[in-house]
Structure formats: C-alpha cells, structure tokens
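Descriptive structure summary
If you want the building blocks of each chain, they are given just below.
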Amino acid sequence: MKEHEVIIIGGGPSGSTCAWKLKQKGVDVLILEKQSFPRVKLCAGWITSKVMDDLQFTAEEYPHTMTSLDVRMHIAPLRIGLPWFPTRWDNYSIRRVEFDQWLLKRSGAAVENHSVKSIRQENGRYIIDDKYSCKYLIGAGGTQCPVRRNLFAKSRIKSNQLATLELEFEYPYTDKRCHLFFFYRGLRGYSWYVPKGDGVINIGIGGISSYFKKADNNIHQHFKCFIEDLVKQKLLDQATADKLKVTGHPYFLHSFEGEFKQDNCFLIGDSAGLASMDMGEGIGPAIESGLMAAGEILAEDVYTKTKISRFSFGGPLYWVLDRLVYPQPG
Ligand SMILES: Cc1cc2nc3c(=O)[nH]c(=O)nc-3n(C[C@H](O)[C@H](O)[C@H](O)COP(=O)(O)OP(=O)(O)OC[C@H]3O[C@@H](n4cnc5c(N)ncnc54)[C@H](O)[C@@H]3O)c2cc1C
C-alpha cells in the first residue's frame, strides 16, 4: 500500500492548484491522473486576470500563448457586437492542452498515471483501489469524478447540467476579436468564437441541458445554425465548415445544494459543480475551490461554496437570466 498525507484524484486546474498550495507548505501530496498529460480538455479556455492573481503569475510569466481578448457580445435580435461589460478583471484565452500541463508541473506534486475505480474509508483513512491510502482525499476528477460517485452519491442537481459542443482547430482567422452570440435562433444559451493566438480558434455552443430536451431544436441543430451564421459573417470559410466534427461534454453549474465535503474528503472544481451560472466559466471556481480545500487542510481557511465566485458578470445579469431567459421548464 502506498501511503500519503493527501491524495488528489484529477490533475486538471482544481487538482493542480490544490496540490500547488499544499506543496508550498511542504505537505506530502500525490496526484492520481488517468490521462497522460498534455491531454486535450474540451474548453473555450477563457480566463480572467483573477485566475492569474489567484495562482500568482502574470501573463508575461506564462510560457505558452496567452491572448488578450477584445470581446464583442451579440445579443439577438441585435446585429451589432457590443463591447464587453467593464469589470475589474481583464480577459484572456489560453489553450487547455498547454495550460493544464503547465499548472500540473508547476504544482511540484508527484503525479501517477492511474485511473481510479474504487474508494473506501477504513480506520480513518481513504483506501483507493486497494493500492493507495491517505488521510485527506481530494476529488478533482471533473464531471465524472470517482470520489463523488463513490462517497457523495447525492451531490448533484440535474437541472443544473450544462450541455456543450466544441471544437478547437488551426484556422487562419483574420478577425482577432472574441465573439459571443446570445439567444440567436431561439438558443437558450450562447455560442462563442474565441481566437487563441498562434492560428488556433475555438468555437462552441452551450446551454442548460433541460432546455435542449424541451426545445424544438437539439444542440446539434443549434450548432449547425451557428456554423452557418459564422460562414455568413465571414468568420469561417465554407470549406473548413464542411469538415468540422464536433464533440460534446456536460458539466454542472453552481448550486448551493449538494454536499462537497465530509470528514477529510473534499470535492473541488467541476466535481463539486462550481462553474458560474451565467457563462459556465469553471476554471476560476476550480482554482478558488482548490485553494480553499488546501487552506482547510492547512487549517488556514474554511472551504465553503458561498465564497466561490458564482457570476462572471455580477448579480444583475444573473438575475435577468434566471428570471427572464432561463426560467425553470415546467
Ligand atoms: C465546451 C466547454 C467549454 C468551456 N469553456 C470554459 C471557458 O472558456 N472558461 C472557463 O473558465 N471554463 C470553461 N469550461 C469549464 C471548465 O473547462 C471546467 O470548469 C474546468 O476544466 C474544471 O476543472 P477541474 O479541474 O475541476 O476538472 P477537469 O479539468 O475536468 O480535470 C479533471 C481531471 O480528472 C481526471 N480524472 C477523471 N476521472 C479520473 C479517474 N477516475 N482517475 C484519475 N483521474 C481522473 C481527468 O482525466 C481530468 O484530467 C468549459 C467546459 C466545456 C465542456
């Protein structure tokens, strides 16, 4: 049996952040990660400068491409792009394939390539696949996190599930702005066009799963319309559009309900369902929760959901979205 003080399952932003903070205080940490890094993670890769502040690095110190975003919001039926809301944070895009690997390495923690299947508690310790044992266990395995599945059976609220389709590919884009399209063609959600620098763009669409189930158009039909619109607006050429093959991934939006810690075990990031309610932004909350869970282990902080950023825009827009645009389906 391999014994450690803390084992973190999942080496995405939440897991690597938690490990980074614990390693700074000399804690013995092992990360178990089922994929070999660098790995592809479906994500538009939009971060704010708060993420950099929380992780204590600057854009200049980041060794890969980081693009400062000039964001345009297109809100149906308007045909013009409005400038982004002024907030205290600047907006950037990164490529997750690079960002996650860099964060994992920077954490300084030992990483083992292992896909976790079973977890049980025995004599105050957590036993993982009868091979690893730890005093503190962190579930950072994203939407399908085995810690949540094994130990927190009732931690999710189905109506908070976000459905997404997304693609990242090389494309000689000429428009360097980031475009967000809200509610076009009846979409209860939004679609995005995010330039990543180095000739790569990310396009995708997202909305609450329950609305797609009730709506006339499913998410694939909406994606097809979105691609047609990008071609019309000359953001994409037809030959490229014809070749696109899209992939989907569901995840969960912030909810105060649902357990996220018990005994010496904590769920962080997507495994706790922490993405912001309006934009589905999950990297920031993943990092905040990773820091807080580490803080609780170090007896410096208390991990609570109320302290995690819930909104990308701030309360007023969420209020409008919740009541007028996203009322719960009957
Ligand atoms: C299409 C799409 C677009 C998005 N765009 C944005 C965006 O622009 N900005 C933003 O802030 N957020 C965005 N998000 C959300 C963001 O990607 C997530 O919130 C974020 O990745 C959460 O980080 P995490 O560390 O909790 O989980 P993850 O990044 O999912 O990492 C979990 C890790 O756990 C590992 N793992 C899982 N199961 C096991 C197991 N059994 N054993 C060992 N390891 C395991 C996985 O391999 C993975 O590496 C987007 C999400 C999607 C789907």
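The structure presented is a predicted model; accordingly, all values stated were derived computationally and were not measured.

What follows concerns the packing of aromatic side chains. Enumeration according to the criterion identifies 13 aromatic pairs in this entry. Ring geometry for tyrosine 62 against phenylalanine 99: centres 6.0 Å apart, planes inclined by 55°, an arrangement best described as tilted. Here tyrosine 62, found in the loop between helix H2 (49-55) and strand S4 (67-68), pairs with phenylalanine 99, found in helix H3 (residues 96-107); they are 37 residues apart in sequence, far enough to count as distant. An aromatic cluster of at least three residues, connected via ring pairs, comprises Phe57, Tyr62, Phe99 and Trp102.

Next up on the list: the state of the cysteines. In this structure the tally under the stated criterion is 0 disulfides. With no disulfide partner, cysteine 145 has as its closest neighbouring cysteine sulfur the one in cysteine 265, 8.2 Å distant. Free cysteine cysteine 178: the closest other cysteine sulfur is in cysteine 43, separated by 12 Å. Judged by its relative accessible area of 0%, cysteine 178 is buried.

Turning our eyes to something else, we now look at the confidence of the model for the protein chain. Here the protein chain averages 89 in pLDDT, while 92% of its residues score no lower than 70. Across residues 326-330, confidence stays below pLDDT 50; counting only partners more than four residues off in sequence or on other chains, it has 15 contacts.

So, on to the packing of helix H1 (residues 13-24) against helix H8 (residues 283-297). At a minimum axis distance of 8 Å, the contact between H1 and H8 shows a crossing angle of 35°. Relative to H8, the crossing made by H1 is right-handed. Taking contact as the criterion, the partners of Pro13, Ser14, Thr17, Cys18, Trp20, Lys21 and Leu22 in H1 are, on H8, Ile283, Ala286, Ile287, Gly290, Leu291, Ala293, Ala294, Gly295 and Ile297. Looking at the contact of H1 with H8 residue by residue, the classes come out as 11 nonpolar, 4 polar and 1 charged.

A separate point is helix H6 (residues 219-232). Taking 1.5 Å as the rise per residue, H6 with 14 residues should run 20 Å; its terminal C-alpha atoms sit 20 Å apart, in good agreement. Restricting attention to buried positions, one finds in H6 the residues Ile219, His222, Phe223, Cys225, Phe226, Ile227, Asp229 and Leu230. Of the surrounding elements, those touching the buried residues of H6 are strand S12 (161-170), strand S13 (178-182), strand S14 (189-195), strand S15 (200-208), helix H5 (209-214) and helix H7 (238-243). Phi turns positive one or two residues past the end of H6, at lysine 234, with a value near 60°.

The subject of this paragraph is the pairing of S12. The buried count for S12 comes to 8 of 10 residues, which makes it a mostly enclosed element. Here S12 pairs with strand S17 (residues 251-252) via 2 bridges, running antiparallel. Bridge pairing in S17 links glutamine 161 to phenylalanine 252. Sheet analysis places S12 next to S15, joined by 9 bridges and oriented antiparallel. Each bridged residue has a counterpart across the sheet, and for phenylalanine 169 the counterpart in S15 is isoleucine 201.

All right, on to the sheet that holds strand S3 (residues 46-48) then. Spatially, the 3 strands line up as an open sheet ordered S3-S7-S4, and their pairing is antiparallel. Here the strands that pair on one side only, and so sit at the sheet edges, are S3 and S4. Where S3 and strand S7 (residues 91-93) come together, 3 bridges link them in antiparallel fashion. Across the sheet, the residue bridging to isoleucine 47 is tyrosine 92, located in S7.

What follows is about H3. In this model, H3 (12 residues) spans 16 Å end to end at C-alpha, consistent with the 16 Å of a helix rising 1.5 Å per residue. For H3, the full list of buried residues reads Arg96, Glu98, Phe99, Asp100, Trp102, Leu103, Leu104 and Ser107. Summarising the contacts, the buried residues of H3 are in contact with H1, strand S2 (29-33), S3, H2, strand S8 (110-113) and H8. Just past H3, the residue glycine 108 takes up positive phi, approximately 80°.

A few words on the packing of H1 against H3. When two helices pack together, their arrangement is captured by the angle between the axes and the distance separating the axes. Packing of H1 against H3 brings their axes to within 8 Å, and their N-to-C directions diverge by 20°. Between H1 and H3, the crossing angle belongs to the class labelled roughly parallel. Like other packed secondary-structure pairs, H1 and H3 cross with a definite hand, here left-handed. Facing Pro13, Ser16, Ala19, Trp20 and Lys23 of H1, the residues of H3 in contact are Arg96, Asp100, Leu103, Leu104, Arg106 and Ser107. A breakdown of the residues in the contact of H1 with H3 according to their chemical character gives 5 nonpolar, 2 polar and 4 charged.

About the thresholds
Just so you know, the residues in each chain are numbered from 1, in the order the chain's sequence is written. With the structure being a predicted model, the display of local features is reserved for residues of pLDDT at least 70 and the display and counting of side-chain atom pairs for 80 or more, all residues being used for whole-chain, interface and lining totals. Hydrogens and waters are ignored; side-chain quantities use all the structure's heavy atoms. Side-chain rings of Phe, Tyr and Trp (the six-membered ring for Trp) are treated as a pair once their centres are within 6.5 Å; stacked means planes under 30 degrees apart, edge-to-face means over 60, and tilted covers the remaining angles. In this text, helices come from DSSP runs of H or I with a minimum length of four residues, and strands from runs of E with a minimum of two, each type numbered from the N-terminal end. Two cysteine sulfurs form what is called a disulfide whenever their separation falls within 2.5 Å. The buried label goes to any residue with under 20% of its type's maximum accessible area, the exposed label to any with over 50%, and the partly exposed label to all in between, with areas taken from a 1.4 Å probe on protein chains only. Per-residue confidence from the predictor is given as pLDDT, running between 0 and 100. Whether two residues are in contact is decided by their heavy atoms: any pair within 4.5 Å suffices. Each axis is a line fitted through C-alpha atoms, and for a helix only the stretch in contact is used; angles between axes span 0 to 180 degrees, taken between their N-to-C directions. Take the far helix as your reference; a near helix turned counterclockwise from it by less than a right angle gives a left-handed crossing, and one turned clockwise gives a right-handed crossing. Residues are grouped as follows: Ala, Val, Leu, Ile, Met, Phe, Trp, Tyr, Cys and Pro are nonpolar; Asp, Glu, Lys and Arg are charged; all remaining types, including Gly, are polar. The span one expects for a helix is its residue count, reduced by one, times 1.5 Å. Strand pairing follows a simple DSSP-based rule, namely that at least 2 bridges must link the two strands. Here the word oblique covers every angle except those under 35 degrees (roughly parallel), over 145 (roughly antiparallel) and from 65 to 115 (roughly perpendicular).

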